[in-house]
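Below, each chain spelled out in residue letters.
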Amino acid sequence: MLYLLILIGILLMLFNLFVWLYDKQKLKLSIDKSLIVFKKVSIAVLVVYLAIAAYVYLFIPNTFN
């Protein structure tokens, strides 16, 4: 647990260094790109989850009895 907290602290420091070194326009562009990627990945994960749920519901008998 301690290592996890230390790792989170180091990542926050690196992120703050990144914010300090880059200008606002580059930072805004990179955040926009990462949000687009996050949206696409979350939609893909949701589709996979729904496909698994539909498979379990349709093809595995007595699941919800």
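Residues numbered from 1 in each chain as written. Predicted model: local features only at pLDDT ≥ 70, side-chain atom pairs only at ≥ 80, totals over all residues. Heavy atoms only, no water.

## Here's the deal with the pattern of salt bridges
Reasoning step 1: Across all of its chains, the model carries one salt bridge by this definition.
Reasoning step 2: Two residues, Asp32 and Lys28, come together in a salt bridge whose shortest N-O distance is 3.3 Å. Here the residue Asp32 and the residue Lys28 both occupy positions in helix α2 (residues 24–59), the gap between them amounting to four residues, near one helical turn.
Reasoning step 3: On the accessibility criterion, Asp32 (33% relative accessible area) is partly exposed.
Reasoning step 4: Its relative accessible area of 53% is what places Lys28 among the exposed residues. (Salt bridge = Lys/Arg side-chain N within 4 Å of Asp/Glu carboxyl O. Helix = DSSP H or I, 4+ residues; strand = E, 2+ residues; numbered from the N terminus. Buried < 20%, exposed > 50% of the residue type's maximum accessible area, 1.4 Å probe, protein only.)

## Concerning the packing of aromatic side chains
Reasoning step 1: Applying the stated criterion to the full structure yields one aromatic pair.
Reasoning step 2: Residues Tyr55 and Phe59 carry aromatic rings whose centres are separated by 5.3 Å and whose planes lie at 45° to one another, so their mutual orientation is tilted. Separated by four residues within a single helix, Tyr55 and Phe59 lie in helix α2, roughly one turn from each other.
Reasoning step 3: Here Phe59 falls in the exposed class, since its relative accessible area comes to 58%. (Phe/Tyr/Trp six-rings, centres within 6.5 Å; stacked < 30°, edge-to-face > 60°.)

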